[in-house]
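Architecture and fold: a report
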Amino acid sequence: MKLAWKIFCAAYCIVMVTVGAGGFALVQAASDSMADSRRDAVLTSNEYAGKMFYALAENGPSIQPRTKQIQDQIAKMVGTDQTERLTIGNAQETASYHSDSFVDRLASSQQGWTFVDMDGKPTLQAVTRVDFSGEPYYIETLSDFSGVYAQREQLMRVYRTTVVAAALLSGAALLGLSLAVTYPLRRLSQAANQVAAGDYERRVPVRRSSEEIRKLSEDFNTMAAAVENNVSELEQEIEKREIFVADFTHELKTPMTSIIGYADMLRSYDLDEEERREASDAIFREGKRLERLSMQLLQLLVLTNVPPTLVPVSAAPLFDDLKKSLRFLSEKYSVTVAVQAEPALVRAEPSLLLSLVYNLADNACKASPAGETVTISGRWEADGYRIAVVDHGRGIPAEHLDKITEPFYMEDKSRARRQGGAGLGLALCKRIADLHGTRLTFDSQAGRGTTVTLCLSVVEEAEEKGGGAV
């Protein structure tokens, strides 16, 4: 059963039970009150008639001849109407209307009453016993209660009509209310189905309804936005993986084609010594390229699956080791590499951080013309220890800056391959930076050079804060 019908049935049952039981109790109480009032009035009138009997009987001769006269006088004085009849008689006459009469059990000046059936009409019989001159007399009042019961029946008819009308009106109102209350839920259900069907941009309007529905709508929109972002990220990740596989396949195909071609040449043709050496050199060169590619891929895999442990590292020894390693780059690319760093104690993994800065320096040397200077610096700043690698080479066009850290992405593929690159160096650098809780920032202009910076967290302030070459 739908929630709207559950709410309707529950509320309808509560309303009908409340209205039915409450209305019935109210009608019953009103009827009982009306009957009690009429009964009390009859009993009071009968009691008053008994007192007047004493007064009239004492002011005259013998009472026997005057019973009918006294009866008429009392009837006029108490004001009996057409529904009442007042009589004065003995016990046998008074008890003739009821098979189990209470009249014989009345004591002097005592009153009793009961309901009897007279000519098919419910009648109240009220009797007061009075003793005069040693003789008991019974003052009897008979009151027709048919009108009281008719009024009760009229009230019950009105009540039944009211209950039916209330049932129809409240049913329509409750059904409309339950549908209105559950409308936002139906709207959310439809929106959820649309999101499940692929409409990730679907949102529901947040209206000024109840606090719970408004909060639920806001939470649904937040969930839908999160689903959309996650799906978008998954699609981007799938696209990146497809590009990665395509690029990786291409990077493997190129050296493998060369190796197979030169190997087939060595096997199939009678080459002179120089040609044989050239073929062997090509095979060796392409083999080394495959080796570098496999090692870089393995390093990427290891860094992805096994995060390193970061420890406090002194910057001074690190930059000393870096300076020794960079001598080869300086000679290879005919550039000057200047290393300047302030002492500091940073949180890092020494070998990975050294590899990161070395790769950045290698890229800077490759991009710099002969005779230029590549500067590597480390200095204190408000947010930590900032390392910068600056070159004055050809720079990177703005449209490439957001892609250069993707695996196998190369701004100039032919130049990169000539230099033995495969587009994995900056991807490794980015991964290492991520593991150190920082990010690589590239500031570059075509023809003017590139500055790459990263910021490391400082464990404690170094004793010496003065700058100087390391």
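What follows concerns the overall build of the protein chain. When helices and strands are counted, the protein chain shows ten helices and twelve strands. Counting across all 470 residues of the protein chain, residues that qualify as buried make up 37%. Taking the intrachain contacts of the protein chain between residues at least 6 apart in sequence as the baseline, contacts between residues at least 24 apart amount to 65%. Carbon and sulfur atoms provide 56% of the accessible area of the protein chain, an area that totals close to 27200 Å².

Take the pairing of strand S3 (residues 121-132) next. Within S3, nine of the twelve residues are buried, which leaves it mostly tucked inside the rest of the structure. Taken together, the eight bridges between strand S2 (residues 111-118) and S3 define a ladder with antiparallel strand orientation. Counterpart to Trp113 in the pairing with S3 is Ala126. Where S2 folds back onto S3 in an antiparallel hairpin, the turn is made up of two residues, including Asp119, whose phi is positive at roughly 55°. The sheet contact formed by S3 and strand S4 (residues 135-144) spans ten bridges and is antiparallel. In the sheet register, Thr123 faces S4, and the bridge partner there is Asp144. Between S3 and S4, which follow one another and run antiparallel, lie two residues, and Ser133 among them has a positive phi close to 55°.

As a further point, take the sheet that holds strand S9 (residues 384-391). Pairing is mixed across the open sheet formed by five strands, whose spatial order is S6-S8-S9-S11-S10. The open sheet is flanked by strand S6 (336-341) and strand S10 (441-445), the only strands paired with a single partner. Strand-to-strand twist across the sheet, computed as the mean angle between neighbouring axes with direction ignored, equals 15°. Strand direction decides the pairing type here: S6 and strand S8 (residues 373-381), joined by six bridges, are parallel. Bridged to Val337 within S8 is Val374. On the sheet, helix H8 (residues 350-367) packs against S6, S8, S9 and strand S11 (449-456) and is oriented at approximately 25° with respect to S9.

Right, let's talk about the packing of helix H7 (residues 315-333) against H8 for a bit. Packed helices, taken two at a time, are described by the angle between their axes plus the distance between the axes. Put simply, H7 and H8 touch, their axes get as near as 10 Å, and they point 25° apart. Classed by the angle they form, the pair H7 and H8 counts as roughly parallel. As H7 runs across H8, the sense of the crossing is right-handed. From H7, Leu318, Asp321, Leu322, Ser325, Leu326, Phe328, Leu329 and Tyr333 reach across to H8, where they touch Pro350, Leu353, Leu354, Val357, Tyr358, Ala361, Asp362, Cys365 and Lys366.

Attention now goes to the confidence of the model for the protein chain. Atomic detail in the predicted coordinates should be set aside for any region of low pLDDT. Chain-level statistics for the protein chain give a pLDDT mean of 79 and a share of 83% at 70 or above. Across residues 462-470, confidence stays below pLDDT 50; counting only partners more than four residues off in sequence or on other chains, it has 17 contacts.

What follows concerns the pattern of salt bridges. Overall, the coordinates contain 14 salt bridges when judged by the stated rule. The residue Arg152 makes a salt bridge to Asp32 at a minimum N-O spacing of 3.0 Å. Of the two residues, Arg152 is situated in helix H4 (residues 146-196) and Asp32 in helix H1 (residues 3-58); the sequence distance between them amounts to 120 residues. For Asp32, a relative accessible area of 31% corresponds to the partly exposed category. With a shortest N-O distance of 2.7 Å, Arg386 and Asp383 are connected by a salt bridge.

Among the eight residues of S11, seven are classified as buried, and the element is accordingly described as predominantly covered. Examined bridge by bridge, S9 and S11 share seven bridges and lie antiparallel to one another. Across the sheet, residue Tyr385 finds its bridge partner in S11, namely Leu456. Summarising the sheet, S10 and S11 pair through five bridges and their orientation is antiparallel. Within S11, the residue paired with Gln445 across the bridge is Gly449. Connecting the antiparallel pair S10 and S11 is a turn made up of three residues, with Gly447 showing a positive phi of about 85°.

With antiparallel pairing, the four strands of this open sheet are ordered in space as S1-S4-S3-S2. Both outer strands of the open sheet, strand S1 (84-89) and S2, are each paired with one neighbouring strand and no more. Across the sheet, the mean angle from the axis of one strand to that of its neighbour is 25°, orientation sign disregarded.

Definitions and limits used
Residues numbered from 1 in each chain as written. Predicted model: local features only at pLDDT ≥ 70, side-chain atom pairs only at ≥ 80, totals over all residues. Heavy atoms only, no water. Helix = DSSP H or I, 4+ residues; strand = E, 2+ residues; numbered from the N terminus. Buried < 20%, exposed > 50% of the residue type's maximum accessible area, 1.4 Å probe, protein only. Contact = heavy atoms within 4.5 Å. Areas by Shrake-Rupley, 256 points an atom, 1.4 Å probe, with all protein chains shown as cover. Pairing = 2+ DSSP bridges. Axes fitted to C-alpha atoms, helices over the stretch in contact; angles between N-to-C directions. Parallel < 35°, antiparallel > 145°, perpendicular 65-115°, else oblique. Left-handed = near helix turned anticlockwise from the far one by under 90°. pLDDT = per-residue confidence, 0-100. Salt bridge = Lys/Arg side-chain N within 4 Å of Asp/Glu carboxyl O.

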